[in-house]
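Each chain, letter by letter, is given below.
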Amino acid sequence: MNMKNKWLALTAGALVLMSATVAQAALINGSIGLTGLYTVNNSDLTAATEVFFDDTFALGGTGDFTGISGAVAMANSLQFEPLFTVIDNPLWSVDGFEFELTSLAITNEQTDSLSLSGAGTVSKAGFDDSLGTWVATFNNSGSSFTWSSSSSVPDGGATLSMFGLSLLGLRLARKKLMANS
């Protein structure tokens, strides 16, 4: 192998190693549904300020949450007025996934129904922490609530950018070799 080809091979190898060092674990993708028993501190949900959770179960999920079912470890309570507070974050955990609640908004507040939504971070060993959105719906019977959380994969722009930079570096190295011939 002549000197030009060795230099080109070394440059290509270095670019591949550089792109490999910025690789990350996969983000969590998919959605999960939860249901469970609860009590609210006021039967008129327009005056309610806190929800207390009892038994909670995973209904199943999609993507990385596929196959999840069974008992969920749920925080004791969620205070939403006057200030948003989660007692014992993570709010829920099941099969190694945990959801840390970071924001809260009341999206529907009526005498007999209450909907909350917001954002948080889903985590699990082997994955990168992933941003997720959530929605919870409650009624004044206290019999069961529904909760859905989802997180999505980013567009991959960083990976594509790194690949493009690697190709550009190879092209420039080749031009330099050709110019020195």
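Residues numbered from 1 in each chain as written. Predicted model: local features only at pLDDT ≥ 70, side-chain atom pairs only at ≥ 80, totals over all residues. Heavy atoms only, no water.

All right, on to the overall build of the protein chain then. Counting its secondary structure elements, the protein chain contains 2 helices and 12 strands. When the helices and strands of the protein chain are placed in sequence order, the string is α-β-β-β-β-β-β-β-β-β-β-β-β-α. Within the protein chain, the fraction of its 181 residues that count as buried is 31%. Surface accessibility of the protein chain: about 10100 Å² in total, with carbon and sulfur atoms responsible for 59%. (Helix = DSSP H or I, 4+ residues; strand = E, 2+ residues; numbered from the N terminus. Buried < 20%, exposed > 50% of the residue type's maximum accessible area, 1.4 Å probe, protein only. Areas by Shrake-Rupley, 256 points an atom, 1.4 Å probe, with all protein chains shown as cover.)

Moving on, we come to the packing of aromatic side chains. Taken as a whole and judged by the stated rule, the model has 5 aromatic pairs. Residues Tyr38 and Phe138 carry aromatic rings whose centres are separated by 5.1 Å and whose planes lie at 75° to one another, so their mutual orientation is edge-to-face. Remark: Phe138 occurs in strand 11 (residues 130-139) and Tyr38 occurs in strand 1 (residues 30-40); sequence separation between them is 100 residues. Both residues of the pair, Tyr38 and Phe138, count as buried. When the centroid spacing of 4.6 Å and the interplanar angle of 45° are considered together, the rings of Phe65 and Phe97 count as tilted. Residue Phe65 is located in the loop between strand 2 (50-61) and strand 3 (70-71), and its partner Phe97 is located in strand 8 (residues 97-101); the two are separated by 32 residues in the primary sequence. On the accessibility criterion, Phe97 (2% relative accessible area) is buried. (Phe/Tyr/Trp six-rings, centres within 6.5 Å; stacked < 30°, edge-to-face > 60°.)

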